[in-house]
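In case you want the letters, here they are:
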Amino acid sequence: MLRNLALTLLATINLADFASSAFLGSSFSDSLQDCVSFMHMFDYTFSNSQGGSADRPYGLTSNQDYEMVKCSIPGICPDDISRTTCQWMRILTVVCQAVQTGTGYDIQVLTNSLPNHCYYSQISAPVGSFAKYNTYGIRTHWNLATRSMDKATGLLRNQVFYNTNLATQTDVNNQLCDGKWAKGATLDNNIYYREAMDDGTYNTYANNKWASDWNLNTVTTPLLRMPDSDAIVGIALNGVFIFAGNQENGLDAFFPKNFQHDKQYELNRIDIDLCLGSFHTFSTYRYHMFSPCIYDIKLRDQVGLCRRNDTCDQNLTQYAVDMVPSVMKTQAPIGIAKDGRVIYGPYKITGELWQPCEVDICNGVNFGSFYGYVATVFHPYVVGCWGPGNKPSYHAQCSSNPRLCSNANYLSSMFTVIGGAIMFFLYAIIL
Ligand SMILES: *[C@@H]1O[C@H](CO)[C@@H](O)[C@H](O)[C@H]1NC(C)=O
Ligand SMILES: *[C@@H]1O[C@H](CO)[C@@H](O)[C@H](O)[C@H]1NC(C)=O
């Protein structure tokens, strides 16, 4: 019966054309095999997992580790010169390997965060070049099981475990109204999170170069501008950094709201292009919420600002989720969080969007013994803290589009979820 259901689902969704279709609609374990399957979902430019043979999908020469991306952009190119067509070297390497100490696997990602699609801005450009590249490196434990976290040590199986437990309104605001909360040092010890920076020669990637923080050196890495990774919560499948859903002043990046009497900010949305990316600080291209351009869609070639496009300007979250190709409107990965957990897109396996009471305060969900984050149409949009988190009824007061889940909402959402599951089940049987 279950097998039939699974087969029916696969047939219904018809994902045969997608290389890693096995992981659309399902979640990941901490195995090497799952790490490698996940790795193949990235639009990487170089990989050689477990010391296997080198894979350079964009390599025109035997040692070309990068992709040369071209776009007709009326404006400034990444090398700071105005041309009619820009090109830049995009570098994204993803590797799964056995951990140095202990058991399990590491996933190592090196990126320069330059997009595999067009960007737009009138006044500046993300820094980059078509002649050389530098990379930011992140190494983290692959999908550590929740109960294997250091913080869960000694807990009984039936004891609830929250890595982040925000008990008061102040706790919620302090965590979710801070754009620089995602410090590597706040990650669980058993994740062994490490960072490095490189000038493109990989000479600095020896094990002893990895540290708890990367060390910006504008002489050796002139094409990198981020002094630390505190604003970065994860990396999208196309190598672009995913930032917290906040602006520098801590307010929601898109739907800001003042909440401290002594600090009154101008309530402006950050300026984003049609892929919902921006680079208003650190000359670094990034997303502050889910970007549909993570998928290979025509929007990647569009050049413009969100606020000049009526559909994007009027309801940008609606715009973001409407742009998702229909075959991907299911549970599908969009990137990796700094804690090594998978970040999934805004759609559930039922084809509906994730609702406020279905995610915890970190925007995450338990998948059996494992944990992952999901993209939402409400703040914090992607990752709000390192999960698993509790589900307080307080919401972040720096957002006019917060996760709202009162106890009443929670009950009604349970009914919707149960009702939806039954409908879905019946649907599968009928087919
Ligand atoms: C907004 O952008 C989308 C995606 O590029 C496009 O399909 C649509 O026509 C644009 N709408 C307007 C009013 O420019
Ligand atoms: C915008 O779209 C979201 C869904 O993405 C919806 O929940 C919300 O009500 C819409 N907002 C407005 C102002 O129409």
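Remember, predicted model here, so these are calculated numbers, not experimental data.

Rules of the game
- Residues numbered from 1 in each chain as written.
- Chains lettered and ligands numbered in written order.
- Predicted model: local features only at pLDDT ≥ 70, side-chain atom pairs only at ≥ 80, totals over all residues.
- Helix = DSSP H or I, 4+ residues; strand = E, 2+ residues; numbered from the N terminus.
- Contact = placed C-beta atoms within 7 Å.
- Pairing = 2+ DSSP bridges.
- Axes fitted to C-alpha atoms, helices over the stretch in contact; angles between N-to-C directions.
- Near = placed C-beta within 6 Å.
- Nonpolar A, V, L, I, M, F, W, Y, C, P; charged D, E, K, R; others polar.
- Core = buried A, V, L, I, M, F, W, Y, C linked by C-beta atoms within 7 Å.
- Buried ≥ 20, exposed ≤ 12 C-beta atoms within 10 Å, placed from the backbone.
- pLDDT = per-residue confidence, 0-100.

Remarks on the overall build of the protein
(1) Moving on: Summing up its helical and strand segments, the protein has 6 helices and 16 strands in all.
(2) Moving on: Pairs at least 24 residues apart make up 66% of the contacts formed inside the protein by residues separated by at least 6 positions.

Some points on the sheet that holds strand 6 (residues 105-111)
(1) Moving on: The 4 strands lie next to each other as 5-6-7-8, forming an open sheet whose pairing is antiparallel. Of all strands in the sheet, those bounded by a partner on one side alone are strand 5 (92-98) and strand 8 (194-198). Between one strand axis and the next, the sheet turns through 15 degrees on average, direction left out of account.
(2) Moving on: Direction of pairing for strand 5 relative to strand 6: antiparallel, over a ladder of 7 bridges. Of the residues in strand 6, the one forming a bridge with T93 is L110.

Re the site of ligand 1
(1) Moving on: Around ligand 1, the neighbouring residues are L274, L299, Q302, N309, D310, T311 and C312.
(2) Moving on: Of the residues assigned to the shell around ligand 1, the class counts are 3 nonpolar, 3 polar and 1 charged.

Some remarks on the nonpolar core
(1) Moving on: Residues V233, I343 and V382 are the most contacted members of the largest nonpolar core, which totals 105 residues.
(2) Moving on: Once you skip the residues sitting within four places of it in the chain, V382 turns out to touch V233, G234, I242, G245, M289, F290, I343, N363, Y373 and A375.

Section: the site of ligand 2
(1) Moving on: Near ligand 2 you find N315, T317, Q318, V321 and V377, and these make up its full shell.
(2) Moving on: Considered class by class, the residues forming the shell around ligand 2 number 2 nonpolar, 3 polar and no charged.

Some words on the pairing of strand 4 (residues 86-90)
Walk down a regular strand and you will see the side chains alternate between the two sheet faces.
(1) Moving on: Summarising burial for strand 4: 4 of the 5 residues are buried, a large majority.
(2) Moving on: Relative to strand 4, strand 1 (residues 67-71) is paired through 5 bridges, and the arrangement is antiparallel. Residue pairing across strands places E67 opposite R90, the latter belonging to strand 4.

Some words on the sheet that holds strand 13 (residues 333-337)
(1) Moving on: The strand order across the open sheet built from 8 strands is 11-12-10-9-13-14-16-15, with neighbouring strands paired in mixed fashion. Strand pairing shows two members of the sheet lacking a second neighbour, strand 11 (277-278) and strand 15 (364-367), which therefore form its edges.
(2) Moving on: Two strands pair when backbone bridges link them, and strand 11 and strand 12 (residues 286-287) are joined in this way by 2 bridges, in the antiparallel orientation. In the strand pairing of strand 12, S278 is matched with R286.

Some remarks on unusual backbone geometry
(1) Moving on: Note that the residue after H379, namely P380, is joined by a cis bond; omega there is 10 degrees.
(2) Moving on: Topologically, P380 is positioned in the loop between strand 16 (370-374) and helix 6 (407-430).
(3) Moving on: Between G387 and the following residue, P388, the backbone shows a cis peptide bond with an omega angle of 0 degrees.
(4) Moving on: Take P388: it is sitting in the loop between strand 16 and helix 6.
(5) Moving on: Unlike most non-glycine residues, F282 shows phi in positive territory, near 60 degrees.

Some words on the environment of F130
(1) Moving on: As for its placement among the helices and strands, F130 is situated in the loop between strand 6 and strand 7 (135-141).
(2) Moving on: What makes F130 partly exposed here is the crowd of 16 C-beta atoms within 10 Å.
(3) Moving on: Distance from F130 to D79, taken between C-alpha atoms, is 7.7 Å for residues 51 residues apart in sequence.
(4) Moving on: Not counting chain neighbours up to four residues away, the residues in contact with F130 comprise M68, D79, Q87, W88 and M89.

Structural notes on the pairing of strand 9 (residues 232-236)
(1) Moving on: Among the 5 residues that make up strand 9, 5 are buried, leaving the element largely enclosed by the rest of the structure.
(2) Moving on: Pairing geometry for strand 9 and strand 10 (residues 241-243), over 3 bridges, is antiparallel. Within the sheet, the bridge partner assigned to I235 lies in strand 10 and is F241.
(3) Moving on: Hairpin connection from strand 9 to strand 10: 4 residues lie between these consecutive antiparallel strands, with G239 at a positive phi of about 95 degrees.
(4) Moving on: Bridging between strand 9 and strand 13 involves 3 bridges; their strand directions are antiparallel. If you follow G234 over to strand 13, its bridge partner there is A337.

Observations regarding the environment of G200
(1) Moving on: Within the secondary structure, G200 is located in the loop between strand 8 and strand 9.
(2) Moving on: When the 20 C-beta atoms within 10 Å are taken as the criterion, G200 is described as buried.
(3) Moving on: Spatially, the C-alpha atoms of G200 and I91 are 9.2 Å apart, while their sequence positions differ by 109 residues.

Topic: the confidence of the model for the protein
(1) Moving on: On average, the protein scores 88 in pLDDT, and the residues at 70 or more come to 88%.
(2) Moving on: Per-residue pLDDT stays below 50 along residues 1-22; that stretch engages in 19 contacts with residues further than four places along the chain or on separate chains.
(3) Moving on: Below pLDDT 50 for its whole length, residues 415-431 participates in 9 contacts with residues either more than four positions away or in separate chains.

A closer look at helix 2 (residues 32-39)
(1) Moving on: By the burial criterion, the buried members of helix 2 are D34, C35, V36, F38 and M39.
(2) Moving on: Where helix 2 is buried, its residues contact strand 5, strand 6, strand 13 and strand 14 (342-344).

A closer look at the environment of H288
(1) Moving on: Looking at the secondary structure, you find H288 in the loop between strand 12 and helix 4 (310-314).
(2) Moving on: The spatial distance from the C-alpha of H288 to the C-alpha of G277 is 7.3 Å, given a sequence separation of 11 residues.
(3) Moving on: Look past the residues within four positions of H288 in its chain and what remains in contact with it is F243, G245, A253, I270 and Y381.

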